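Each chain, written out:
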Amino acid sequence: MNSRKALGRGLSSLIPISPTPLPPTRIGSPSEETGFIKISIDKIRPNHLQPRRHFDPESLSELATSIKQHGLAQPIVVSYDTLSRSYELIAGERRWRAAQLSGMTEIDAVVRQPRDDQHRLALTLIENLQRADLNPIEVAFGYLRLMKEFHIKQSELAREVGKSAAAISNTLRLLDLPEEIQKALQFTTITEGHGRALLMLTDPNSRHTVFKKILEDGLSVRETEELARQIDAGLTISTEPTPVRKATSKSADLRAIESSLQQTLGTKVVIKTRQDPSKGSIQIHFFSFEDFDRILKAIKK
C-alpha cells in the first residue's frame, strides 16, 4: 500500500490505535490497566528521524525535577529492534532525557512497530506536533516533511493536525525568513507573532532593521506589526533605540496591598495596573513545587 493511498484515508490510518504486542525478547510485561511497560533507560536509543533540533538544558532540568518529584505524566513511545535487542524512540525524547537526568533507571513506554522509516516518520511527527513544546521552526519543518514525504496538501494536513489551513500556511511561511531570524524563533528570542509580522516586509534590509529593533527595544508583536505597516506605506523609521518607557509609579495603597499579600503568602507578589487603574494583574511567584503547594493551600484557606 503506497503512502498516498494510505493518507487518502487520513494520517490516522498510519498510526495503530492500540500498542503493538511486544516481541518474545521484551523487557517487562504490559500492564493490563495501562497498556504500557517499564523499560530500562539504557536499552533505549534516540530516534534517527527526530524532527526536534534543540533541547533547552534549563527546560530539561526543570522537567527532570518535576519527574523526580511527581513521576512521569505520560509514557514515551518506542519501537523494538530484534537485531540489537533494544528500543528506538518514536516520541518522548525530551521526557527520556529528563528521566535520565532525574536518575531514573526505568521508564514507562508504549511499544509500536512501524512498518518502515516513512511510517516511523509519520508516527514521530504526529506525536510531536500534537504537543505544545516544539518551537515554531520545528513545527514548520514537521509540516513540510509530512507534506513532502506523504504528498499531501496543506488543507489535508490542516484537518489531520486540527489547525486551520491559514495557520498551517502562516507557520510554513516562517521558513522563508533568513537564518538568523529562524534561529531567534528556534531559541524563542522572538515569538511566532514577531516572525509573521516580519514576513509583512519583502525588502531584506527593512526586515533586518525591524528585527534588530525587536531585539534592542523589546517591541511587542503589535508594535512590530505597526512598524511593518509604516515601512510598507513608505514611511521612514528611525534606527535610534526607542526611549525606555517610564514605569507608572504605584500608589501607596497598591504598595501596601502588595506588602500585605507578600506577608500572607510568604512569597514575592507583584501587582501591575494598566493605564486604566481599575484593570491589571497580580503575579504570585513560587520557587519550587513545595513552595507552589504551600501557596495554593494558603490561597484556598
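One can find the structure itself at the top, above this paragraph.
Everything numeric here is computed off the predicted structure, so don't read it as measured data. (Residues numbered from 1 in each chain as written. Predicted model: local features only at pLDDT ≥ 70, side-chain atom pairs only at ≥ 80, totals over all residues. Heavy atoms only, no water.)

Draft legend 1. Up close: the overall build of the chain. Within the chain one finds 13 helices and 7 strands. The buried share among the 301 residues of the chain stands at 39%. Excluding contacts between residues fewer than 6 apart, the proportion of contacts in the chain whose partners are at least 24 apart in sequence is 62%. A total accessible area of about 18,100 Å² is found for the chain, and carbon and sulfur atoms account for 51% of it. (Helix = DSSP H or I, 4+ residues; strand = E, 2+ residues; numbered from the N terminus. Buried < 20%, exposed > 50% of the residue type's maximum accessible area, 1.4 Å probe, protein only. Contact = heavy atoms within 4.5 Å. Areas by Shrake-Rupley, 256 points an atom, 1.4 Å probe, with all protein chains shown as cover.)

Draft legend 2. Layout of the sheet that holds strand 4 (residues 86-91). Strands sit in the order 1-5-3-4-2 across an open sheet of 5 strands; the sheet is mixed. Of all the strands in the sheet, just strand 1 (37-40) and strand 2 (44-45) have a single pairing partner and so form its edges. Where strand 2 meets strand 4, 2 bridges bridge the pair, whose relative direction is parallel. Across the sheet, residue Ile44 finds its bridge partner in strand 4, namely Tyr87. Relative to the sheet, helix 3 (residues 93-102) contacts strand 2, strand 3 (76-81), strand 4 and strand 5 (106-111), its axis offset from that of strand 4 by approximately 125°. (Pairing = 2+ DSSP bridges. Axes fitted to C-alpha atoms, helices over the stretch in contact; angles between N-to-C directions.)

Draft legend 3. Looking closely at the side chain of Gln182. Mapped onto the elements of the fold, Gln182 is located in helix 8 (residues 179-186). From its side chain, Gln182 meets the backbone oxygen of Leu175 in a polar contact 3.1 Å long. Here Leu177 takes part through its backbone oxygen, which lies 2.9 Å from a polar atom of the side chain of Gln182. Non-local contacts of Gln182, meaning those with residues more than four positions away in its chain, are made with Ile137, Phe141, Leu174, Leu175 and Leu177. (Polar contact = N/O pair within 3.5 Å; in protein donor to acceptor, adjacent residues only side chain to side chain.)

Draft legend 4. The arrangement of the pattern of salt bridges in detail. If you walk through the whole model with that rule in mind, you get 8 salt bridges. In this structure, Arg97 and Glu93 form a salt bridge, with 2.7 Å as the shortest nitrogen-oxygen distance. With Arg97 and Glu93 both in helix 3, this residue pair falls 4 residues apart, about one helical turn. Overall, the relative accessible area of 30% leaves Arg97 in the partly exposed class. With relative accessibility at 5%, the residue Glu93 sits in the buried group. One salt bridge connects Lys183 with Glu179, and the closest N-O pair in it is separated by 3.5 Å. Of this pair, Lys183 and Glu179 both sit in helix 8, 4 residues apart, roughly one helical turn. Taking the relative accessible area as the measure of exposure, Lys183 reaches 42% and is therefore partly exposed. (Salt bridge = Lys/Arg side-chain N within 4 Å of Asp/Glu carboxyl O.)

Draft legend 5. Region of the structure containing a nonpolar patch on the surface. On the surface, Ile282, Ile284 and Ile299 cluster together into a nonpolar patch covering about 270 Å² of accessible area. Relative to the elements of secondary structure, Ile284 occurs in strand 7 (residues 280-284). (Patch = residues over 30% accessible without salt bridge, like charges linked within 9 Å, V, L, I, M, F, W, Y side chains within 5 Å.)

Draft legend 6. Summary view of helix 5 (residues 136-150). With 15 residues, helix 5 should cover 21 Å at 1.5 Å per step; its first-to-last C-alpha distance of 21 Å lies within 8% of that length. Considered for burial, the residues of helix 5 that qualify are Pro136, Ile137, Glu138, Val139, Ala140, Gly142, Tyr143, Leu146, Met147 and Phe150. Put simply, Asn135 is the residue that caps the front of helix 5, since its side-chain oxygen is 3.0 Å from the backbone nitrogen of Ile137. The positive-phi residue at the C-terminal boundary of helix 5 is His151, with phi of around 55°. (Expected span 1.5 Å × (residues − 1).)

Draft legend 7. Main features of the packing of aromatic side chains. Summed over the entire model, instances satisfying the criterion amount to 1 aromatic pair. Their ring planes at 65° and their centres at 4.9 Å tell us that Tyr80 and Tyr87 sit as a pair that is edge-to-face. Comparing Tyr80 with Tyr87, the two get one shared label, buried. (Phe/Tyr/Trp six-rings, centres within 6.5 Å; stacked < 30°, edge-to-face > 60°.)

Draft legend 8. Geometry of the pairing of strand 6 (residues 269-273). Relative to strand 7, strand 6 runs antiparallel, the two being bridged by 5 bridges. Bridge pairing in strand 7 places Thr273 opposite Gly280.

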